[in-house]
Amino acid sequence: MSDIETRYELPTTGITLLGYVVRRMHKTNLLIPVPELIAANKTAEALAKIALYAVTSSTSFGRAYYQPQFNSVGEEISEADPQTGAVVKAKLEANSPTYRISYFAIMPNGDVFSGKEEITGTTVGLRGLGMPAPSKFSFKSGEYSAELTGILTSELALSLIGRTRIRAYGFLNFGDNAGNTGKLNLERSGKVGMKVNNKDFDLSRIPA
C-alpha cells in the first residue's frame, strides 16, 4: 500500500476510528471475481481471494498521518465503497477492557463479508508499537460460505525523519463449506504467503 492509499484512509479533514476502519475496507473490488469463481467450481481460488480481502481490509501500509478520533460505544459508521458501491459499515461494540469492533460489507449482488476484531492492547518493541487484534471473518455467497480466524497486528514504526509509518503482520487460518482449507501469512514488508489445501498458492492465479 502506498502513502496515497493511507491518505485516503486518513484524510486531511480528519476521521474517527470507525471511519478509518470503513475506509480500510474499501477494497471490495477484490471480492468482485468471487461469484464467478464459485460458479466455475474454482472454490479454492474463491477462498484465496476472500482471504486476501480479509487481510488487506484489516491492515494498512504507508504513512500514519495521525491517530483517528475515538468513537462512542454503540456508534456505527457507514460509507459505500466508491469503486464498487458495496455498503460498508463498522460498529464499536466495546472500549473496555478492550476495543471490540464489528463490521460488514454487502456487495451489490448480495454477497456478505463480515468480521469482528478485538484490539487487546499495545505492545512496545524494538520495531515499534504493536496492536494485536484477534480477528474472525465470514463470507457468504448463495450456498457458499467461508470462515477465517487469526491474529493481525498493526504496528506503528517511527522513522529517523520523524514520519511515523503503519504496517502489519500476522496470520489467518481459513476454510469453506466446499472442503478447502488454508493459511495466510502476512509479513511486515507487506508480502503475503498463502497455502490452500496444504499447497503453496500462487496469488497470480486469482483474477484482479
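Residues numbered from 1 in each chain as written. Predicted model: local features only at pLDDT ≥ 70, side-chain atom pairs only at ≥ 80, totals over all residues. Heavy atoms only, no water.

Q: I'm lost on the pattern of salt bridges in this one. Help?
A: One side chain can pair with another of opposite charge once the charged atoms of both are near each other. Going through the model one piece at a time under the given rule, you end up with six salt bridges. A salt bridge links E9 to K27; the nearest nitrogen and oxygen atoms lie 3.4 Å apart. Of this pair, E9 sits in helix α1 (residues 3-9) while K27 sits in the loop between α2 (17-24) and α3 (34-39), and the two are 18 residues apart along the sequence. Residue E9 shares its accessibility class with K27, and that shared class is buried. In this structure, the salt-bridge partner of E155 is R167, at a minimum N-O distance of 2.8 Å. Here E155, found in strand β8 (residues 144-157), pairs with R167, found in strand β9 (residues 165-176); they are twelve residues apart in sequence, far enough to count as distant. For R167, a relative accessible area of 23% translates into the label partly exposed. Within this structure, E155, R167 and R188 form a network of salt bridges that share partners. (Salt bridge = Lys/Arg side-chain N within 4 Å of Asp/Glu carboxyl O. Helix = DSSP H or I, 4+ residues; strand = E, 2+ residues; numbered from the N terminus. Buried < 20%, exposed > 50% of the residue type's maximum accessible area, 1.4 Å probe, protein only.)

Q: Help me understand the layout of surface pockets, please; the structure alone is not making it clear to me.
A: It is the rolling of a water-molecule-sized probe over the atoms that shows where space remains empty. Taken as a whole, the largest pocket encloses approximately 690 Å³ of empty space. Considering the residues around the largest pocket, the lining is formed by 32 residues, among which L17, Q67, P68, I119 and M131 are closest to the centre. Mapped by element, the contributors of at least two residues to the lining of the largest pocket are α1, α2, β5 (112-119), β7 (128-141) and β8. Here the residues of the lining of the largest pocket are counted per class, giving 17 nonpolar, twelve polar and three charged. (1 Å grid on protein atoms, 1.4 Å probe; cavity = no way out; pocket = protein on both sides within 12 Å on 5 of 7 lines; lining within 4 Å. Points joined across faces, edges and corners; volume = space filled by probe spheres on them. Nonpolar A, V, L, I, M, F, W, Y, C, P; charged D, E, K, R; others polar.)

Q: What's the story with the packing of aromatic side chains in this structure? I'm lost.
A: Here a ring pair, both rings aromatic, is described through the centre-centre distance and the interplanar angle of the planes. One pass over the structure, following the stated rule, counts four aromatic pairs. Across from the ring centre of Y169, 4.0 Å away, lies the NZ or CZ of R188, which sits over that ring. (Phe/Tyr/Trp six-rings, centres within 6.5 Å; stacked < 30°, edge-to-face > 60°. Lys NZ or Arg CZ within 6 Å of the ring centre and 35° of its normal.)

Q: Got a minute to help me understand the side chain of H26 in this structure?
A: Structurally, H26 can be placed in the loop between α2 and α3. Side-chain polar atoms of H26 contact the backbone oxygen of E79, separated by 2.9 Å. (Polar contact = N/O pair within 3.5 Å; in protein donor to acceptor, adjacent residues only side chain to side chain.)

Q: What exactly am I supposed to notice about the nonpolar core here?
A: A general tendency of soluble globular proteins is for nonpolar side chains to be buried together. In terms of nonpolar packing, the biggest core is built from 50 residues, with F174 and L184 touching the most fellow members. Among the elements that take part in this core, helix α4 (residues 43-56) stands out by supplying ten residues, more than any other. Setting aside its immediate chain neighbours within four residues, F174 contacts L47, A51, E147, L148, N180, T181, G182, K183, L184, M194, K195 and V196. (Core = buried A, V, L, I, M, F, W, Y, C linked by side-chain atoms within 4.5 Å. Contact = heavy atoms within 4.5 Å.)

Q: I'm lost on the side chain of D176 in this one. Help?
A: Position of D176 among the secondary structure elements: in strand β9. Looking at D176, its side chain comes within polar contact range of the main-chain nitrogen of N180, at 2.8 Å. Not counting the four nearest positions on each side in its chain, D176 is found in contact with T43, L47, Y144, S145 and A146.

Q: I'm lost on a nonpolar patch on the surface in this one. Help?
A: Residues V87, I106 and V112 make up a contiguous nonpolar surface patch of roughly 180 Å² in combined accessible area. With respect to the element layout, V87 can be found in strand β3 (residues 87-94). (Patch = residues over 30% accessible without salt bridge, like charges linked within 9 Å, V, L, I, M, F, W, Y side chains within 5 Å. Areas by Shrake-Rupley, 256 points an atom, 1.4 Å probe, with all protein chains shown as cover.)

Q: Would you mind showing me how to read unusual backbone geometry here?
A: In most cases, non-glycine residues show a negative phi, while peptide bonds are predominantly trans. For the peptide bond that leads from S96 to P97, omega is 5°, which places it in the cis range. Looking at where P97 falls in the secondary structure, it is placed in the loop between β3 and β4 (99-106). Positioned with a positive phi, N41 is a non-glycine residue whose angle comes to about 65°. Given the relative accessible area of 63%, N41 is considered exposed. A positive phi angle, near 65°, is found at N198, a position not held by glycine. Topologically, N198 is positioned in the loop between β11 (192-196) and β12 (199-200).

Q: Can you walk me through α2 in this structure?
A: Among the eight residues in α2, eight count as buried, and that is most of the element. Of all the residues in α2, the buried ones are L17, L18, G19, Y20, V21, V22, R23 and R24.

Q: What should I look at first to understand the environment of S114 in this one?
A: When you line up the elements, S114 lands in strand β5. On the accessibility criterion, S114 (23% relative accessible area) is partly exposed. Along the backbone, S114 and A90 are 24 residues apart, and their C-alpha atoms lie at a distance of 9.7 Å. Discounting residues that sit within four places of it in the chain, S114 has contacts with Y103, F104, K136, F137 and S138. A distance of 2.7 Å separates polar atoms of two side chains, one belonging to S114 and the other to S138.

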